[in-house]
Amino acid sequence: MSIENISSAKSFGGWHKQYSHKSSTLGCDMRFAIYLPPQAGNGTTVPVMYWLSGLTCTDENFMQKAGAHRIAAELGIAIVAPDTSPRGDHVPDDENEAYDFGKGAGFYVNATQEPWRQNYRMYDYIISELPALIAEHFPVNENTVISGHSMGGHGALMMALRNPGRFRSVTAFSPISNPVNVPWGQKAFENYLGSKQADWAAYDSSMLMSTAQPTAFTPALVDQGDADGFLKDQLKPETLEQAAKNSGYPLTLRMQEGYDHSYYFIASFIEDHMRFHATHLGLTA
Ligand SMILES: N[C@@H](CCC(=O)N[C@@H](CS)C(=O)NCC(=O)O)C(=O)O
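Parameters at a glance
- Along every chain, residues carry numbers that run from 1 in the direction the sequence is written.
- Only residues with pLDDT of at least 70 get local features here, since the model is predicted, and only at 80 or more are side-chain atom pairs given and counted; chain-wide, interface and lining totals rely on the full set of residues.
- The side-chain values count all of the structure's non-hydrogen atoms but skip hydrogen atoms and water molecules.
- Ring pairs are drawn from Phe, Tyr and Trp, using the six-membered ring of Trp, whenever the two centres fall within 6.5 Å, and their geometry is named by plane angle: stacked under 30 degrees, edge-to-face over 60, tilted for the rest.
- Numbering of helices and strands starts at the N terminus; helices are DSSP runs of H or I of at least 4 residues and strands are runs of E of at least 2.
- Any residue with a non-hydrogen atom lying within 4 Å of a molecule or strand is treated as near it.
- Pairs of N or O atoms within 3.5 Å make up the polar contacts considered here, provided that, within protein, one atom can donate a hydrogen while the other can accept it, and that residues adjacent in sequence are counted only when both atoms are side-chain atoms.
- Using a 1.4 Å probe, accessible areas were evaluated by the Shrake-Rupley method; residue-level cover was limited to the displayed protein chains.
- Buried, partly exposed and exposed residues are distinguished by accessible area as a fraction of the type maximum, computed with a 1.4 Å probe on protein chains only: under 20%, between the cut-offs, and over 50%, respectively.
- Any two residues whose heavy atoms approach within 4.5 Å are treated as being in contact.
- Under the convention used throughout, the expected extent of a helix is 1.5 Å for every residue step, that is, one less than its residue count.
- Bend at a given residue is defined as the angle between two axes, one fitted to the seven residues that end at that position and one fitted to the seven that begin there.
- Per-residue confidence from the predictor is reported as pLDDT, a score between 0 and 100.
- When DSSP locates at least two bridges between a pair of strands, those strands are taken to pair.
- Working definition of a nonpolar core: buried Ala, Val, Leu, Ile, Met, Phe, Trp, Tyr and Cys residues. They are joined through side-chain atoms within 4.5 Å.

(A) View of the packing of aromatic side chains. Applying the stated criterion to the full structure yields 21 aromatic pairs. A network of ring pairs unites the aromatic residues W51, F62, F173, Y259, F265 and F269 as a single cluster.

Structural data, given as structure tokens:
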């Protein structure tokens, strides 16, 4: 599978690079970004943190705003930031180009409904196609962790819950914790997955966590700002907390006083998240 480099910039002794490639899963050209820490290369492979962004984002928001390169360089962790949906003029979008559905809002699911199902297959893209591409082209090893924000926090938790043993640890900022019960999730799932709510459960972190078996536990850290304007209606961290209590899941959920939904919040705590991952990757945190 070939990839085309579209930008390179040295950062904290490592490299931030953007690539485009033809995605067979999504049926379109896609862009992703990778941060390679200075330890990567010359025979040395490094672990990877996948970062899943939220609504309206591309590969750029996290890389430009989170301030994660310094700590990734110190710990020796590569970061891969994919886009949040399929792209291109031939890819269907919300009829009103709404920010919360269609392009920029793939919700990390495999759509089953027309006209979305040909392109909107972000679950398979993140779980299968992209990691294979990263392993083929970059000095990374199989040790993988996953994090995300909001829609991407839902994506990160859901992917860790559905793939026991795949990720050493998972963290999320302000995740959409119970998408089947909030407007963002209901709009996306109804369109992508159809009106049968039973088909939505496989993508709901709270439902998955509530019944998780101890053999399938992945250590999880979630931060949520208590001044987040989306907290009450869209995010529902209390549902995730209850789910963890039900199954005994190793979830640490921290309410952070005064923080909102923005990248200022992410930048304030990303170091904690990366050190949490480093501990579970067996690196010096
Ligand atoms: N009302 C906002 C909702 C979208 C939003 O808050 N997106 C979050 C993720 S859910 C984000 O990361 N935005 C991009 C950024 O802050 O760089 C908008 O229309 O942009």
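(B) Region of interest: unusual backbone geometry. Residue P115 is reached from E114 by a cis peptide bond, and omega for that bond is 0°. Along the chain, the position of P115 falls in the loop between β5 (78-82) and α3 (122-137). Positive phi outside glycine occurs at F107, with the angle close to 60°. Take F107: it is sitting in the loop between β5 and α3.

(C) Structural view of the site of the ligand. Around the ligand sit G54, L55, T56, C57, N61, K65, Y99, H149, S150, F230, H261 and Y263, and those are all the residues in its vicinity. Measuring from a nitrogen atom of the ligand, one finds a backbone N or O atom of L55 at 3.0 Å. K65 is positioned with one of its side-chain polar atoms (N or O) 2.6 Å from an oxygen atom of the ligand. In the complex, 70% of the free accessible area of the ligand, which totals 490 Å², lies under the protein chains.

(D) Structural view of the side chain of S169. Within the secondary structure, S169 sits in the loop between α4 (151-162) and β7 (170-173). Owing to a relative accessible area of 0%, S169 belongs among the buried residues under this scheme. When near neighbours in sequence (up to four residues on either side) are disregarded, S169 contacts V145, I146, T218, P219, F276, H277 and H280.

(E) Inspection of helix α9 (residues 263-280) at higher detail. Here α9 spans 24 Å end to end across 18 residues, near enough to the 26 Å set by a 1.5 Å rise per residue. Of all the bends found along α9, the most pronounced is centred on F269 and spans about 50°. Those residues of α9 not exposed but buried are Y263, F265, I266, F269, I270, H273, M274, F276, H277 and A278. Capping the start of α9, S262 holds a side-chain oxygen 3.1 Å from the backbone nitrogen of Y264, two or three residues further along. Looking at the residues trailing α9, positive phi occurs at G282, about 75°.

(F) Main features of α4. The terminal C-alpha atoms of α4, which comprises twelve residues, lie 16 Å apart, in line with the 16 Å expected from a rise of 1.5 Å per residue. The element α4 is extensively covered by neighbouring structure, given that eleven of its twelve residues are classed as buried. Along α4, the residues classified as buried are M151, G152, G153, H154, G155, A156, L157, M158, M159, A160 and L161.

(G) Summary view of the confidence of the model for the chain. Summary statistics for the chain give a mean pLDDT of 97 and a share of 100% for residues scoring 70 or more. Here the predicted complex scores 0.98 on pTM and 0.93 on ipTM.

(H) View of the pairing of β5. Taking burial as the measure, the five residues of β5 include five buried ones, the bulk of the element. Summarising the sheet, strand β3 (residues 28-36) and β5 pair through four bridges and their orientation is antiparallel. Within β5, the residue paired with Y35 across the bridge is I79. Sheet topology places strand β4 (residues 46-52) next to β5; three bridges connect them, and they run parallel. Along β5, the bridge assignment pairs V48 with A78.

(I) Quick peek at the nonpolar core. Residues F107, I134, I146, M159, F189, Y192 and L251 are the most contacted members of the largest nonpolar core, which totals 66 residues. Among the elements that line this core, the one with the most residues is α3, at eight residues. Leave out the neighbours within four places in its chain, and I146 touches Y50, L52, A156, M159, A160, F167, S169, V170, T171 and H277. Counting 26 residues, the second largest nonpolar core, distinct from the first, contains M63, L75, I77 and A278.

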